[in-house]
Amino acid sequence: MNSERRDGPRATGSIVGTVSVPHLIGRLMRPLPLFPIQPILGRIVREVACKRPELFERLGPHVRSAFVIDVNELPFVLLLKPDPAAPGLSALRRGPSVRGDATIRGPFMDLFRVVDGRGDSDALFFSRDINIGGDTEAAVCLRNALDDLDGSIVEDIAAMGGPLFAPLRMVVSRLRALEERT
Amino acid sequence: MNETFAKPELVCPAGTPAALRTAVDAGADAVYCGLANETNARNFAGLNFTPQALEQSIAYAHDRGAKVLLAVNSFATSPRAQLWFDAVDLAARLRADAVIVADIGVASYAVSRYPGLRLHLSVQAGASSPEAIRYYCEEFGISRVVLPRILTVPEIDAIHREIPCEIEAFVFGNIGMMAEGRCSLTNYVTGVSTNMNGVCSPASDVRYVEHSDGSTAATLGDFEIDCYAAEEKTGYPTICKGRYMRPGREEPYYAFEEPVSLNLSALLPDLVRAGVSALKIEGRQRSRSYVHSVVSAYRRAVDDVAAGRTPDLSTLAMLTEGGKQTQGAYATKKWR
């Protein structure tokens, strides 16, 4: 008995018709320069690294690898360097100059679910919603490191204080609400 | 459906302490896991437990009435056997509820050093006849056998009547080669195997290469083992689930087996009637989200079956490998 799967409803973060929150954010950010985002990203990665040192243990030999996180809807990619001595997360325009040891690409909501500990990355990989390239072992180690966290990094980010994070908290809250409804 | 049953034990996977806690919270009766080394059959990058994490995890499970079974189920090779013996020592010291073994040297060490330590015979041992199982019981005091996924339900029923130990059967997840415990396909390409090194298709040897037409090639070492069209679903990048060209065929085909997941939700009552007392979910390499979904669904199903209700596991199809599911050899030997 072999049977094709029956897909259930998938959360895309849709708010009206075909427009989604991630698409909306992506469109709004497209004309903007990237430099205002960099300090926010820098603070996120530093605080997460400080609060979650166990992440580095599971990364093992890939703790100093560079990961390109390519979110389909955003007008830039993220470059993550989890190096415990100098953790880095920065936004870069897409292009051949962006190089990392491993690349993880997918829709915003799917990557959001995985980072939030609510998405099954293997199922998303099997369905081709998430794609990985480059050093597969590095990508697998990052997945396993994120998966072993109590709570989620999204919660950590949402809990960060300061005026820069107020709109981010609102977006996270909205995305989680959308996800839970679907 | 009004027949009621004794409730079988639900045995669930955990690749990380977070997954173990998730499984326990979702209703697992027992969780199986392994150390972060070659002593178990899921020795994947970034996965598994340190001794300290195992100690904390056992405490977490025991506090909530759940058991922890330590898989020490790869095959020890000289001169490295001490690594497997150390794992057994650790399980005994931390009061794991059982050790899952395949290697007779490891089993012999465990039963001679720790006569009170409960031993389960791993699926890796490939014991599929009453004679083989009885031998393990008599020589090593095996309390439970995990049956290879090559037997029909009537065959399990017949074995149950002739053996002195409990039976554990896989009910959900990745389904492996039909001759379990003796797969050396990846040895050919990578030099390591599940049975000897605990890892099949190590991620360090796997690459995914996107082509301009949207297809993606999966390579293992120097070999391309599959190429997925743009919208095509994928499976694990293992040789046994690759598609290959050969003379006389125009299209690549699954030479060994297809990417497909076992799902025996519809056979649960039959399995319990056949004497299966523990139901095993595969997937120590999977995420805690997967563990939560599958364990929760099977917890409800087992409770439904025990109470004489019809279980509903339709949602599990979404979590299957390649988007396909099968009842495998449990339903028919001609399942491929």
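In short, a report on the structure. Every value quoted in this text rests on a predicted model; they were computed, and no experiment measured them. (Residues numbered from 1 in each chain as written. Chains lettered and ligands numbered in written order. Predicted model: local features only at pLDDT ≥ 70, side-chain atom pairs only at ≥ 80, totals over all residues. Heavy atoms only, no water.)

### Remarks on the overall build of chain B
- Looking only at helices and strands, chain B has 11 helices and 15 strands in total.
- Computed over its C-alpha atoms, the radius of gyration of chain B comes to 20 Å, within 12% of the 20 Å expected for a compact globule of 336 residues.
- When its C-alpha atoms are laid out on the principal axes, chain B stretches across 60 × 55 × 40 Å.
- Residue burial in chain B is summarised as follows: out of 336 residues, 61% are buried.
- Taking all contacts inside chain B whose residues are at least 6 apart in sequence as the whole, residues at least 24 apart take part in 63%.
- Put simply, chain B shows about 13,100 Å² of open surface, and 50% of that area lies on carbon and sulfur atoms.
- Side-chain charges of chain B comprise 33 positive and 38 negative groups, with the mean position of each set lying 3 Å from the other. (Helix = DSSP H or I, 4+ residues; strand = E, 2+ residues; numbered from the N terminus. Rg over C-alpha atoms; globule rule 2.2 N^0.38 Å. Buried < 20%, exposed > 50% of the residue type's maximum accessible area, 1.4 Å probe, protein only. Contact = heavy atoms within 4.5 Å. Areas by Shrake-Rupley, 256 points an atom, 1.4 Å probe, with all protein chains shown as cover. Lys, Arg positive; Asp, Glu negative; His and termini not counted. Charge placed at Lys NZ, Arg CZ, Asp CG, Glu CD.)

### Considering the interface of chain B and chain A
- Contacts between the two partners involve 47 residues from chain B, matched on the other side by 39 residues from chain A.
- Overall, the association of chain B and chain A removes approximately 3,500 Å² of surface from exposure, summing both partners, and the carbon and sulfur fraction of that is 44%.
- We note a salt bridge from Arg21(B) to Asp150(A), for which the minimum N-O separation is 2.7 Å.
- Inspection of the region where chain B meets chain A yields 23 residue pairs in polar contact (both at pLDDT 80 or more).
- Taken together, the elements giving at least two residues each to the side of chain B that touches chain A come down to α1 (17–25), β8 (206–210), α10 (288–306) and β15 (324–326) of chain B.
- For the side of chain B that touches chain A, the residue count by class is 16 nonpolar, 21 polar and 10 charged. (Buried area = accessible area lost by both parts, 1.4 Å probe. Salt bridge = Lys/Arg side-chain N within 4 Å of Asp/Glu carboxyl O. Polar contact = N/O pair within 3.5 Å; in protein donor to acceptor, adjacent residues only side chain to side chain. Nonpolar A, V, L, I, M, F, W, Y, C, P; charged D, E, K, R; others polar.)

### What to know about the sheet that holds strand β9 (residues 216–220) of chain B
All names here are of chain B.
- Strands sit in the order β8-β9-β10 across an open sheet of three strands; the sheet is antiparallel. Edge positions in the sheet fall to β8 and β10 (223–228), since each has one partner strand and no second. Mean inter-strand twist for the sheet, computed between neighbouring axes without regard to direction, equals 25°.
- Here five bridges tie β8 to β9, and the two strands are oriented antiparallel to one another. Each residue of the ladder has a partner; that of glutamate 210, found in β9, is threonine 216. (Pairing = 2+ DSSP bridges. Axes fitted to C-alpha atoms, helices over the stretch in contact; angles between N-to-C directions.)

### Let's talk about the sheet that holds strand β4 (residues 67–71) of chain A
Residue and element names in this part refer to chain A.
- Across the sheet, five strands lie side by side as β6-β5-β4-β7-β8; this open sheet has mixed pairing. Edge positions in the sheet fall to β6 (88–92) and β8 (131–134), since each has one partner strand and no second. Adjacent strand axes in the sheet meet at a mean angle of 20°, parallel and antiparallel pairs treated alike.
- Sheet topology places strand β7 (residues 102–106) next to β8; four bridges connect them, and they run antiparallel. By the bridge assignment for β8, isoleucine 104 is matched with isoleucine 132.

### Some words on helix α4 (residues 108–115) of chain A
- Here α4(A) lies mainly inside the structure; seven of its eight residues are buried.
- Regarding α4(A), the residues found buried are Phe108(A), Met109(A), Asp110(A), Leu111(A), Phe112(A), Arg113(A) and Val114(A).

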